[in-house]
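Below are the chains, spelled out letter by letter.
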Amino acid sequence: MGGPVAIRPAGVLAEAVAADGSGAVREAVAAAAHAAGRSAGGEDLTAALRGCGYEPATTAGGSIDLRNCPFHRLAREHTELVCWLNLHLVRGVLEAGGHQPGRAVLAPRPGRCCVVVGPPSRSPKRPPDVRAGAVGSPSEVSR
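Residues numbered from 1 in each chain as written. Predicted model: local features only at pLDDT ≥ 70, side-chain atom pairs only at ≥ 80, totals over all residues. Heavy atoms only, no water.

Peer 1: Could you clarify how one ought to interpret the pattern of salt bridges in this entry?
Peer 2: For side chains bearing opposite charge, pairing can occur when the charged atoms are close. This structure, assessed with the given rule, holds 4 salt bridges. Put simply, Glu-80 and Arg-26 hold a salt bridge, and the shortest N to O gap is 3.2 Å. Note that Glu-80 is positioned in helix α5 (residues 79–96) and Arg-26 in helix α2 (residues 24–40), a separation of 54 residues in sequence. The exposure class assigned to Glu-80 is exposed, which follows from its relative accessible area of 58%. Overall, the relative accessible area of 26% leaves Arg-26 in the partly exposed class. For Arg-109, the salt bridge identified is with Asp-65, shortest N-O distance 2.5 Å. Here Asp-65 lies in strand β2 (residues 64–66) and Arg-109 lies in the loop between β3 (104–106) and β4 (115–117), a separation of 44 residues in the sequence. With a relative accessible area of 28%, Arg-109 lands in the partly exposed category. Counted as one network, the salt bridges with shared partners bring together Asp-65, Arg-109 and Arg-112. (Salt bridge = Lys/Arg side-chain N within 4 Å of Asp/Glu carboxyl O. Helix = DSSP H or I, 4+ residues; strand = E, 2+ residues; numbered from the N terminus. Buried < 20%, exposed > 50% of the residue type's maximum accessible area, 1.4 Å probe, protein only.)

Peer 1: Is there a simple way to think about the side chain of His-88 in this case?
Peer 2: Examined against the element boundaries, His-88 turns out to sit in helix α5. The buried category is assigned to His-88, whose relative accessible area is 15%. Beyond its immediate chain neighbours, meaning those up to four positions away, His-88 contacts Ala-30, Ala-33 and His-34. (Contact = heavy atoms within 4.5 Å.)

Peer 1: Any chance you could explain the sheet that holds β3 here in plain terms?
Peer 2: Within a sheet, neighbouring strands are paired by backbone hydrogen bonds and run either parallel or antiparallel to one another. A sheet is described by the order of its strands in space; here 4 strands give the open sequence β1-β2-β4-β3, paired in antiparallel fashion. The open sheet terminates on both sides in strands that have one partner only, identified here as β1 (56–58) and β3. The sheet shows a mean angle of 30° between the axes of neighbouring strands, direction not considered. The strands that α5 touches are β2, β3 and β4; relative to β3, the one it contacts most, it runs at about 170°. (Pairing = 2+ DSSP bridges. Axes fitted to C-alpha atoms, helices over the stretch in contact; angles between N-to-C directions.)

Peer 1: Could you clarify how one ought to interpret the side chain of Asp-65 in this entry?
Peer 2: Residue Asp-65 is classed as buried on the basis of its relative accessible area, which comes to 13%. A polar contact is formed between the side chain of Asp-65 and the side chain of Arg-109, at a distance of 2.5 Å. Excluding its chain neighbours within four sequence positions, the residues that come into contact with Asp-65 are Glu-55, Pro-56, Ala-57, Thr-59, Arg-109 and Arg-112. (Polar contact = N/O pair within 3.5 Å; in protein donor to acceptor, adjacent residues only side chain to side chain.)

Peer 1: Whenever I open this one, the packing of aromatic side chains confuses me. Can you help?
Peer 2: Describing an aromatic ring pair means giving the distance of the ring centres and the angle of the ring planes. The final tally for this structure, using the stated rule, is 0 aromatic pairs. Sitting above the plane of the Trp-84 ring, Arg-26 keeps its charged end 4.0 Å from the centroid. (Phe/Tyr/Trp six-rings, centres within 6.5 Å; stacked < 30°, edge-to-face > 60°. Lys NZ or Arg CZ within 6 Å of the ring centre and 35° of its normal.)

Peer 1: Honestly, the environment of Glu-80 in this entry has me stumped. Any pointers?
Peer 2: Measuring from C-alpha to C-alpha, the distance between Glu-80 and Cys-114 comes to 9.6 Å, with 34 residues separating the pair along the chain. A distance of 3.2 Å separates a polar atom in the side chain of Glu-80 from a polar atom in the side chain of Arg-26.

Peer 1: When you look at the nonpolar core in this model, what are you seeing that I'm missing?
Peer 2: Generally speaking, a soluble globular protein has its nonpolar side chains buried in company with each other. Ranked by size, the top nonpolar core spans 19 residues in total, and within it Leu-49, Tyr-54, Leu-66, Val-90 and Val-115 carry the most contacts. If you list the elements that add at least two residues to this core, you get α3 (45–51), β2, α5 and β4. The element contributing the most residues to this core is α5, with 6 residues. Setting aside chain neighbours within four positions, we find Val-90 in contact with Leu-49, Tyr-54, Leu-66, Ala-104, Val-115 and Val-117. (Core = buried A, V, L, I, M, F, W, Y, C linked by side-chain atoms within 4.5 Å.)

Don't take any of this as a statement about function, it's just geometry.
Now the structure itself:
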């Protein structure tokens, strides 16, 4: 007979999530990950991501590439669940720092985290004030 079997608690939890056909446990994981991200977040986004175990690198285009997965061991066997958890954790970090959570998107690549943080959206320029009498308004220009 063989020796004792090593049991990985995270693997047991991942199996329980996978076994839940209702999706309620998966949604609970998303909510817990989001809450954890919100608690870890702050103004300095890269520092907050580092604090969660990620290795963030800002690209020339302003995106943030997460060069590792803090849950890589678990991700080998439960990729979909871990990606779901990463997505909601990073979205919570973004939200806590006042950033748009939707910047975090799934973009799986070998050897990297499955989440990429897109660049900050640029605010559209305000159109000129065209109220009557405002500087640059049609009524003033025609004078």
